[in-house]
Amino acid sequence: ELLAKLHERLAAAGLDTDDATLTALIEDNGVGGAVRLLAWADASGTSVADLQKMHADGTGWGAIAHQLDADGSLGLSPGIGWIMSGGHGHSADAHAAGHGRETAPGQNRD
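Scoring rules and cut-offs
- Residues numbered from 1 in each chain as written.
- Predicted model: local features only at pLDDT ≥ 70, side-chain atom pairs only at ≥ 80, totals over all residues.
- Heavy atoms only, no water.
- Core = buried A, V, L, I, M, F, W, Y, C linked by side-chain atoms within 4.5 Å.
- Buried < 20%, exposed > 50% of the residue type's maximum accessible area, 1.4 Å probe, protein only.
- Helix = DSSP H or I, 4+ residues; strand = E, 2+ residues; numbered from the N terminus.
- Contact = heavy atoms within 4.5 Å.
- pLDDT = per-residue confidence, 0-100.
- Phe/Tyr/Trp six-rings, centres within 6.5 Å; stacked < 30°, edge-to-face > 60°.
- Arc of directions from axis to C-beta.
- Salt bridge = Lys/Arg side-chain N within 4 Å of Asp/Glu carboxyl O.
- Axes fitted to C-alpha atoms, helices over the stretch in contact; angles between N-to-C directions.
- Parallel < 35°, antiparallel > 145°, perpendicular 65-115°, else oblique.
- Left-handed = near helix turned anticlockwise from the far one by under 90°.
- Nonpolar A, V, L, I, M, F, W, Y, C, P; charged D, E, K, R; others polar.

Another point: the nonpolar core. In terms of nonpolar packing, the biggest core is built from 22 residues, with Leu-10, Leu-22, Trp-40, Leu-51 and Ile-64 touching the most fellow members. Looking at this core, the element that brings in the most residues is helix α2 (residues 19-44), giving 10 residues. In this view, Ile-64 contacts Trp-40, Leu-51, Met-54, His-55 and Thr-59; residues no more than four positions away in its chain are not counted.

A word on the confidence of the model for the chain. Of the residues in the chain, 76% have a pLDDT of 70 or more, and the chain-wide mean is 79. Within the chain, helix α6 (residues 92-96) has the poorest average pLDDT of any element, 43, and helix α3 (residues 48-56) the best, 95. Counting interchain partners and residues more than four positions distant, the pLDDT-below-50 stretch residues 87-110 has 18 contacts.

Throughout the structure, instances matching the rule amount to one aromatic pair. Where Trp-40 meets Trp-61, the ring centres are 5.8 Å apart and the plane angle is 75°; that geometry is what we call edge-to-face. You can see Trp-40 sitting in helix α2 and its partner Trp-61 sitting in helix α4 (residues 61-68), a full 21 residues away along the chain.

Looking now at α4. Within α4 the residues assigned to the buried category are Trp-61, Ile-64, Ala-65 and Leu-68. Across the axial projection of α4, the buried residues extend over an arc of 100°, all falling on one side. α4 presents His-66 and Gln-67 as exposed residues on the side facing more than 90 degrees away from its buried surface. Buried residues belonging to α4 abut α2 and α3.

What follows deals with the pattern of salt bridges. In the structure shown here, the tally under the stated rule is two salt bridges. A salt bridge links Asp-57 to Lys-53, with the nearest nitrogen and oxygen atoms 2.7 Å apart.

The next thing to look at is the packing of α2 against α3. Viewed as axis vectors pointing N to C, α2 and α3 meet at an angle of 125°, and their least axial separation amounts to 10 Å. Taken together, the axes of α2 and α3 are oblique relative to one another. As for how α2 packs across α3, the hand of that crossing is right-handed. Residues Leu-25, Asp-28, Asn-29, Leu-37, Leu-38, Trp-40 and Ala-41 of α2 form the contact with α3, whose own contacting residues are Val-48, Leu-51 and Gln-52. Grouping the constituent residues of the contact of α2 with α3 by class yields seven nonpolar, two polar and one charged.

Okay, the side chain of Arg-36 next. Summarising the element assignment, Arg-36 is placed in helix α2. Given the relative accessible area of 16%, Arg-36 is considered buried. Setting aside anything within four residues of it in sequence, one finds Arg-36 in contact with Ala-41, Trp-61, Pro-78 and Ile-80.

What follows is the structure, given as structure tokens:
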């Protein structure tokens, strides 16, 4: 059931993978790590294996996102809510446009 929901949410974000790949990524990186790896590999053109190696070598998700997207043009962030929300609140396009954590309600306080 979890795999079916993940496939649905990944597909809604334009990401396609098979059960074996997704299961292996989850076992090695957790659900959030698996989603990040698939999304960031797709957005950046960097292989999942290269991203996994960076993380396994001790680079945190935020640092990896920054390395892949130093100028912000890809709209990457360590957060995966834009995929996992299942279309509730944020789309990949909105995320890429910078509508993420920084502009969420309660984040900009005067």
